[in-house]
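Here is what each chain is made of, one letter per residue.
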Amino acid sequence: MTRTTDSAGGTLRVLAVDDEKPALDELVYLLRAQPGVGEIHDAADATTALRVLRAHSIDAVFLDINMPGLDGMELAGILSEFANPPAVVFVTAHDDRAVAAYDLGAVDYLLKPLREARLAEAVRRIASTRGTPAPIADEPGADPNEVIPVELGGVTTLVPRSSVSWVEADGDYARLHTSDGSHLVRIPLSALESRWQDAGFLRVHRSYLVALRLVTGLRTVGTGTVVCLRADGNTAAVELPVSRRQVRELKQRLVHGPRQQWTGQ
């Protein structure tokens, strides 16, 4: 059995899926309070969810992971094969599946008990993915709180993108250099380049992705060029090589990007 309700004034059409009725009722209640959400459907299992998705146009699915039969991860995998897949937000009590969730292209990963502020953040993120590209991170309206799950010793830590100064390729992994230290994540540098290119980051070298907000200048070293990044929290100031083919684009992004200040050669 499914229900359809409406939220006041919103435009997003969402589907909430959870096999536990109290959790599902709470999720629907919180979604109804979100100004960006319009039509709300709910389902108690993946099979019912697929029936709803066949019958209605859905922009986003808020999805539990541990469910009988087809679980949330398996359902998300099916949704990713849709010609126009809905955005997926996992809502779960388990923090050990975040990496797998983001590998499936999840927009967000919310932990129970659900907080209204985090749900609102997820709704804003979905709205941005359904419309224009994400703005530069330093601009008003940008979402500085996109997170990357980092697993260490069985504990998953969510590292905000806004804390990342630069990223270094490490084989099929990437090392995030952040304001509170460095973190190795199972994400190729190319994936982060694609995901963050409209959020104030630029691939300056095959091994490096940098936050443009921290660039203080470019400097010639021998026959090459390095980009200078200022210190940020526990991340020290650093100079990183810039490949020749990226020098022009880096200069253009620095000159024309909002609020960027730099010292030329």
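Residues numbered from 1 in each chain as written. Predicted model: local features only at pLDDT ≥ 70, side-chain atom pairs only at ≥ 80, totals over all residues. Heavy atoms only, no water.

J.: So what exactly am I meant to see when it comes to the overall build of the protein chain here?
T.: When its secondary structure is counted, the protein chain shows seven helices and 16 strands. The buried share of the protein chain, reckoned over its 265 residues, is 45%. The long-range share in the protein chain, meaning contacts at least 24 apart out of those at least 6 apart in sequence, stands at 55%. Counting every atom, the protein chain has about 13,000 Å² of accessible surface; 50% of that belongs to carbon and sulfur. (Helix = DSSP H or I, 4+ residues; strand = E, 2+ residues; numbered from the N terminus. Buried < 20%, exposed > 50% of the residue type's maximum accessible area, 1.4 Å probe, protein only. Contact = heavy atoms within 4.5 Å. Areas by Shrake-Rupley, 256 points an atom, 1.4 Å probe, with all protein chains shown as cover.)

J.: Honestly, the confidence of the model for the protein chain in this entry has me stumped. Any pointers?
T.: Parts of the prediction with low pLDDT should not have their coordinates interpreted in detail. For the protein chain, the average pLDDT comes to 83, and 85% of its residues sit at 70 or higher. Here residues 132-145 scores under 50 on pLDDT; set against residues more than four positions off or in separate chains, the count is 30 contacts. Across residues 258-265 the pLDDT falls below 50, and counting only partners more than four positions away or on other chains, this stretch makes 26 contacts in the model. (pLDDT = per-residue confidence, 0-100.)

J.: What exactly am I supposed to notice about the packing of aromatic side chains here?
T.: The geometry of an aromatic ring pair comes down to the distance between the two centres and the angle between the two planes. Tallied over the full model, the rule gives three aromatic pairs. On the basis of an interplanar angle of 55 degrees and a centroid distance of 5.9 Å, the ring pair of Trp166 and Tyr208 is categorised as tilted. On the criterion of sequence distance, the pair formed by Trp166 in strand β9 (residues 164-170) and Tyr208 in strand β13 (residues 208-211) is long-range, its members being 42 residues apart. Each member of the pair Trp166 and Tyr208 is classed as buried. A ring pair is formed by Trp196 and Phe201, whose centres lie 4.8 Å apart and whose planes are at 50 degrees; its orientation type is tilted. The residues Trp196 and Phe201 share a single accessibility class, namely buried. (Phe/Tyr/Trp six-rings, centres within 6.5 Å; stacked < 30°, edge-to-face > 60°.)

J.: What is the right way to read the sheet that holds β9 from this model?
T.: A sheet is described by the order of its strands in space; here five strands give the open sequence β11-β10-β9-β13-β12, paired in antiparallel fashion. One side of each edge strand has no neighbouring strand; the edge strands of this open sheet are β11 (181-185) and β12 (201-205). For this sheet the average axis-to-axis angle between neighbouring strands, irrespective of direction, equals 20 degrees. Bridge count between strand β10 (residues 173-178) and β11: five bridges; the pairing is antiparallel. (Pairing = 2+ DSSP bridges. Axes fitted to C-alpha atoms, helices over the stretch in contact; angles between N-to-C directions.)

J.: I would appreciate a short explanation of the sheet that holds strand β15 (residues 224-229) in the present structure.
T.: Hydrogen bonds along the backbone pair up the strands of a sheet, which may run parallel or antiparallel. The three strands are arranged β14-β15-β16 in an open sheet whose pairing can be described as antiparallel. Edge positions in the open sheet fall to β14 (215-221) and β16 (238-242), since each of these has one partner strand only. Taking each pair of neighbouring strands and ignoring which way they run, the sheet shows an average axis angle of 30 degrees. Here β15 runs beside β16; their pairing, made up of five bridges, is antiparallel. Residue pairing for β16: Leu229 is matched across the bridge by Val238.

J.: What's the story with the environment of Thr225 in this structure? I'm lost.
T.: With respect to the element layout, Thr225 can be found in strand β15. Take Thr225: its relative accessible area is 12%, and that puts it in the buried class. With 19 residues separating them in the primary sequence, Thr225 and Arg244 have C-alpha atoms 7.6 Å apart.

J.: What is the right way to look at helix α6 (residues 189-196) in this model?
T.: Since the α-helix packs 3.6 residues into each turn, any two residues three or four apart lie on the same face. Buried within α6 we find Leu189, Leu192 and Trp196. Buried residues along α6 cover an arc of 60 degrees about the axis, so they all sit on one side. Where α6 is buried, its residues contact β7 (147-152), β9, β10, β12 and β13. (Arc of directions from axis to C-beta.)

J.: Even after reading the chapter, I still don't get the pairing of strand β2 (residues 12-17), so can you show me in this structure?
T.: Regular strands have side chains that alternate between both faces of the sheet. Burial analysis of β2 places five of its six residues in the buried class, the great majority of the element. Relative to strand β3 (residues 37-43), β2 runs parallel, the two being bridged by five bridges. Among the inter-strand pairings, Val17 is bridged to a residue of β3, identified as Ala43. Read from β2 through helix α1 (residues 21-32) to β3, the crossover connection turns out right-handed. Relative to strand β4 (residues 60-63), β2 runs parallel, the two being bridged by four bridges. Pairing of Val17 across the sheet is with Leu63, part of β4. (Right-handed = clockwise from strand over helix to strand, strands pointing away.)

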